[in-house]
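Structural overview for review
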Amino acid sequence: MSVGQGDTISVAADTLKLPSGQSEFSIGRIIPVISDTVSPIREEEVVSVSGDDYLSGFGRVNGNPRPQEIINGDMGFILLSLSLLIITLLTVFGRKSTITGLASISFRRKEEAAPPGTSEVFSWPPLLRNLFTIINISLFAAVSLLSTGVAGRNFPGGSVGLTAVLAGSFLAALLARHLTSIILAGITGLKNPFREYMNVIYNSWFACSTILFILSGITLFAQVDNTLPFIITGLVVTSIFLLIRVLRLLSIFNERHIPIFYFLLYLCALEVLPVLVILRILGII
């Protein structure tokens, strides 16, 4: 059959549906295979980090500097530990001597007995009590002066140097008072009253220092925002024991029928004058 020009031939359309070409393949669920003709679309993955291991530099908040310690914590711990050891030794081995000494502060009428002499004052139980007194009086005084700002933190040697100076000053004051009492007792012939008076002084300081020992421990190591109430409490306790000491001196003179003029004279020489000298040195008056 010949096909001439202008003839029309109708061709049947192919109605067979073939699968379209697949441009993306994958091997299992791990490795995708993408053809080069298709531009891959990548989605960013957000990795969440658990915890606060990473801190962006833009969100960092500057912290507050750690406040400087008002007193050396290591020194305070050593002194308080030594004081606790002394208390333990006195409780176990020197209980009778300690109770007898503290009884001298009482105002109850006691049987007439000879007070301990100078040699007994320097035996080991009184020595331990005096050492405990010097440590805790000087430690509490240093903490009080530094906390209230009376003494500057640039003191030579820091808080350790201040505590050492206060301990030496307190020891010198005790020895000077002891020597003065011995001289006055020799001049006036009132040996027993002055011995009893010195015994009252040593034991009243020891009783006061036991309370200051507790207050110093709270001030140094307890988490308190304001230490001023504890300092004021220590000053009030010290004032109370000083008043007790003066009243005991009056009762000693009264029981032995010593003229009140001597009491006023000794009170000014042994109690008022040393306090005025200390206040003058500190620049308070």
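These lines cover the structure that appears in this document, whether it is placed above or below.

Rules used in this analysis
Residues numbered from 1 in each chain as written. Predicted model: local features only at pLDDT ≥ 70, side-chain atom pairs only at ≥ 80, totals over all residues. Heavy atoms only, no water. Helix = DSSP H or I, 4+ residues; strand = E, 2+ residues; numbered from the N terminus. Buried < 20%, exposed > 50% of the residue type's maximum accessible area, 1.4 Å probe, protein only. Contact = heavy atoms within 4.5 Å. Areas by Shrake-Rupley, 256 points an atom, 1.4 Å probe, with all protein chains shown as cover. Polar contact = N/O pair within 3.5 Å; in protein donor to acceptor, adjacent residues only side chain to side chain. Phe/Tyr/Trp six-rings, centres within 6.5 Å; stacked < 30°, edge-to-face > 60°. Salt bridge = Lys/Arg side-chain N within 4 Å of Asp/Glu carboxyl O. Expected span 1.5 Å × (residues − 1). Core = buried A, V, L, I, M, F, W, Y, C linked by side-chain atoms within 4.5 Å. Patch = residues over 30% accessible without salt bridge, like charges linked within 9 Å, V, L, I, M, F, W, Y side chains within 5 Å. Arc of directions from axis to C-beta. Axes fitted to C-alpha atoms, helices over the stretch in contact; angles between N-to-C directions. Parallel < 35°, antiparallel > 145°, perpendicular 65-115°, else oblique. Nonpolar A, V, L, I, M, F, W, Y, C, P; charged D, E, K, R; others polar.

When its secondary structure is counted, the protein shows eight helices and two strands. Ordered by position from N to C terminus, the α and β elements of the protein give β-β-α-α-α-α-α-α-α-α. A total of 285 residues make up the protein; the buried ones form 31% of that total. When contacts within the protein are restricted to residue pairs at least 6 apart in sequence, long-range pairs at least 24 apart make up 74% of them. Looking at the protein as shown, the accessible area adds up to about 20,000 Å², and 64% of this sits on carbon and sulfur atoms.

What follows is about the environment of Thr148. Relative to the helices and strands, Thr148 is located in helix H4 (residues 124–148). Taking C-alpha positions, Thr148 is 9.0 Å from Ile231, a pair spaced 83 residues apart along the chain. When sequence neighbours within four positions are dropped, the list of residues in contact with Thr148 reads Leu228 and Ile231. Engagement of the side chain of Thr148 in a polar contact is seen with the backbone oxygen of Ser144, the distance being 2.6 Å.

The final tally for this structure, using the stated rule, is three aromatic pairs. Taking 5.2 Å as the distance between ring centres and 90° as the angle between the ring planes, the aromatic pair formed by Phe170 and Trp205 counts as edge-to-face. With Phe170 in helix H5 (residues 158–188) and Trp205 in helix H6 (residues 191–221), this residue pair connects regions lying 35 residues apart in the sequence. Looking at Phe170, the relative accessible area reads 13%, which means it is buried. Look at Trp205 and you get buried, because its relative accessible area is 16%. Each residue in the set Phe132, Phe206 and Phe213 is aromatic and connected to the rest through ring pairs, giving one cluster.

Time to look at the pattern of salt bridges. Per the counting criterion, the structure on display carries one salt bridge. The partner of Glu196 in a salt bridge is Arg248, and the shortest N-O contact between them spans 3.2 Å. Note that Glu196 is positioned in helix H6 and Arg248 in helix H7 (residues 228–255), a separation of 52 residues in sequence. Of the two residues, Glu196 and Arg248, both sit in the buried class.

Spanning 28 residues, H7 covers 41 Å between terminal C-alpha atoms, matching the ideal 40 Å at 1.5 Å per step. Residues Ile231, Gly234, Val237, Thr238, Phe241, Arg245, Arg248, Leu249, Ser251, Ile252 and Phe253 constitute the buried set of H7. Backbone geometry just downstream of H7 places His257 in the positive-phi region, at approximately 55°.

One finds Phe170, Leu174, Tyr197, Trp205, Leu212, Leu249 and Phe253 to be the most contacted residues of the largest nonpolar core, which totals 29 residues. A per-element tally of this core places H6 first, with eleven residues. Residues contacting Leu174, with those up to four places away along its chain left out, are Ile134, Tyr202 and Trp205. If you look at the next biggest cluster of nonpolar residues, it comprises 19 residues, including Ile71, Leu79, Leu80 and Ala151.

With that settled, the discussion passes to the side chain of His178. Mapped onto the elements of the fold, His178 is located in helix H5. Separated by 2.8 Å, the side chains of His178 and Tyr202 make a polar contact.

Okay, a nonpolar patch on the surface next. A contiguous nonpolar surface patch, about 880 Å² in accessible area, is contributed by Phe107, Leu243, Leu247, Leu250, Ile260, Phe261, Tyr262, Leu264 and Leu265. The set of elements that each furnish at least two residues to the nonpolar patch consists of H7 and helix H8 (260–282). For the nonpolar patch, the leading source of residues is H8, giving five residues.

Further remarks concern helix H1 (residues 73–93). Along its 21 residues, H1 runs 30 Å from first to last C-alpha, staying within 8% of the 30 Å computed at 1.5 Å per residue. Among the residues of H1, Met75, Gly76, Leu79, Leu80, Ser83, Ile86 and Leu90 are the ones counted as buried. Take H1 and look down its axis: the buried residues cluster within an arc of 125°, on one side only. Away from its buried face by more than 90 degrees, H1 exposes Asp74, Phe77, Ile78, Val92 and Phe93. In the core, the buried residues of H1 are packed alongside helix H2 (95–103), H4, H5 and H6.

So, about the packing of H6 against H7. Where H6 meets H7, the closest approach of the two axes is 10 Å, and the angle between their N-to-C directions is 170°. The angle between the axes of H6 and H7 places the two elements in the roughly antiparallel class. For the contact of H6 with H7, a count of residues per class yields 17 nonpolar, five polar and three charged.

Just geometry here; none of it tells us what the structure is for.
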